[in-house]
Amino acid sequence: MGNLYIFDHPLIQHKLTYIRDKQTGTKEFRELVDEVSLLMAYEITRDLPLQEVEVETPVTTCKSKVIAGKKLGLIPILRAGIGMVDGFLSLIPSAKVGHVGLYRDPETLQPVEYYLKLPSDIQDRVLIVIDPMLATGGSAEAAITALKKRGARQMKLMCLIAAPEGIEKVRAEHPDVDIYVAAIDQQLDEHGYIVPGLGDAGDRLFGTK
Ligand code: PRP
Ligand code: URA
């Protein structure tokens, strides 16, 4: 079973409260998601492997550390995942970005794939699948399955808010994938929305309805 991590940093929790608030308008919502994504990127990269290199300082040479191997791959699930990309890239600008387009059929709640474009070397990168919402888990499960089919070997899933149902689904289908979230909410409502959640993440990010 994959590990489950909760980002309990006070700044993340503080900003998440304002992200949830229905009074928060599109501009501020976007800015807050961007800021939280940067903080989450800092936390989720704690275990990146390092390698020692030699560096020449103005005084002498010494051994120092840099991140080993290829940089990360970010895989936002369209469309709401896009809102978390820039914050992440401001810390790790050389990460490659692939996109998985999925929407949830409002009747069946099943994910429908409509787009996929990935870096050519996903098998050599740690991929971070990003989506603000993990509700039934159908979208994240389908995205991870699509990535595995194309050769992905190492993945983490990063979400703002998760429902217990979504966590359970991803852990059952993909026990090799660790899940990182800022909050685990109570439940899903009859339309598959997370309660209390933040509403429709895509609509709030892009000002649609
Ligand atoms: C939302 C959200 C996730 C999905 C979560 O996307 O961004 O991708 O729902 O629900 P699930 O865990 O039950 O699959 P949505 O389908 O609303 O598409 P959008 O991002 O294009 O608005
Ligand atoms: N997708 C969203 O955007 N919000 C939810 O609460 C559930 C799925």
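Residues numbered from 1 in each chain as written. Chains lettered and ligands numbered in written order. Predicted model: local features only at pLDDT ≥ 70, side-chain atom pairs only at ≥ 80, totals over all residues. Heavy atoms only, no water.

The name that an unreviewed UniProt entry assigns to the protein chain is Uracil phosphoribosyltransferase, with the source organism given as Ammoniphilus oxalaticus. One UniProt comment on the protein chain, placed under Pathway (unreviewed entry), says "Pyrimidine metabolism; UMP biosynthesis via salvage pathway; UMP from uracil: step 1/1." In its Catalytic activity (unreviewed entry) section, the UniProt record describing the protein chain reads: "UMP + diphosphate = 5-phospho-alpha-D-ribose 1-diphosphate + uracil". (UniProt positions renumbered as here; feature names shortened; annotations may be inferred.)

Q: Honestly, the packing of aromatic side chains in this entry has me stumped. Any pointers?
A: The geometry of an aromatic ring pair comes down to the distance between the two centres and the angle between the two planes. Applying the stated criterion across every chain, the model contains 3 aromatic pairs. Each ring, one from Y103 and one from Y114, has its centre 6.1 Å from the other, and the planes form 35 degrees; the classification is tilted. Of this pair, Y103 sits in strand 6 (residues 99–104) while Y114 sits in strand 7 (residues 111–117), placing them 11 residues apart in sequence. Taking the relative accessible area as the measure of exposure, Y103 reaches 43% and is therefore partly exposed. Between R104 and the ring centre of Y193, over which it is positioned, the NZ or CZ distance is 5.8 Å. (Phe/Tyr/Trp six-rings, centres within 6.5 Å; stacked < 30°, edge-to-face > 60°. Helix = DSSP H or I, 4+ residues; strand = E, 2+ residues; numbered from the N terminus. Buried < 20%, exposed > 50% of the residue type's maximum accessible area, 1.4 Å probe, protein only. Lys NZ or Arg CZ within 6 Å of the ring centre and 35° of its normal.)

Q: Honestly, the UniProt feature "binding site: 5-phospho-alpha-D-ribose 1-diphosphate" (unreviewed entry) in the protein chain in this entry has me stumped. Any pointers?
A: This chain's UniProt record puts "binding site: 5-phospho-alpha-D-ribose 1-diphosphate" (unreviewed entry) on R79, R104, D131, P132, M133, L134, A135, T136, G137, G138, S139 and D200. Among the structural elements, D131 can be located in the loop between strand 8 (126–130) and strand 9 (133–134). For D131, a relative accessible area of 10% translates into the label buried. From its side chain, D131 meets the backbone nitrogen of M133 in a polar contact 3.2 Å long. Take M133: it is sitting in strand 9. Among the residues examined, M133 registers a relative accessible area of 17% and is labelled buried. Here M133 is in contact with I161, I194, L198, G199 and A201, once residues within four sequence places are set aside. (Polar contact = N/O pair within 3.5 Å; in protein donor to acceptor, adjacent residues only side chain to side chain. Contact = heavy atoms within 4.5 Å.)

Q: Explain the environment of V126 here, please?
A: Within the fold, V126 resides in strand 8. Measuring from C-alpha to C-alpha, the distance between V126 and T136 comes to 24 Å, with 10 residues separating the pair along the chain. For V126, the contacting residues outside a window of four places in its chain are L72, G73 and Q154.

Q: What's the story with the environment of Q110 in this structure? I'm lost.
A: Within the secondary structure, Q110 sits in the loop between strand 6 and strand 7. On the accessibility criterion, Q110 (48% relative accessible area) is partly exposed. The spacing of Q110 and S139 is 29 residues in sequence and 7.7 Å in space, taken between C-alpha atoms. In this structure, Q110 is in contact with Y103, R104 and D105, ignoring residues within four places of it in sequence.

Q: So what exactly am I meant to see when it comes to the site of ligand 2 here?
A: Near ligand 2 the following residues occur: R104, M133, A135, G192, Y193, I194, G199, D200 and A201. Contact between ligand 2 and I194: an oxygen atom at 2.8 Å from a main-chain N or O atom of the residue. Between ligand 2 and G199 there is a distance of 2.8 Å, counted from a nitrogen atom to a backbone nitrogen or oxygen. Grouping the amino acids of the shell around ligand 2 by side-chain chemistry returns 5 nonpolar, 2 polar and 2 charged. (Near = heavy atom within 4 Å. Nonpolar A, V, L, I, M, F, W, Y, C, P; charged D, E, K, R; others polar.)

Q: Explain the site of ligand 1 to me, please; I cannot follow it from the model alone.
A: In the vicinity of ligand 1, 14 residues are found, and the nearest of them are R104, D131, T136, G137 and S139. A80 places a polar main-chain atom, nitrogen or oxygen, 3.1 Å from an oxygen atom of ligand 1. Note that an oxygen atom of ligand 1 is positioned 2.7 Å from one of the side-chain N or O atoms of R104. Against a free-state accessible area of 500 Å², the protein chains account for coverage of 90% of ligand 1. Of all the secondary-structure elements, those providing two or more residues to the shell around ligand 1 are strand 6, strand 9 and helix 4 (138–149). Counted by class, the shell around ligand 1 contains 6 nonpolar, 5 polar and 3 charged residues. (Areas by Shrake-Rupley, 256 points an atom, 1.4 Å probe, with all protein chains shown as cover.)

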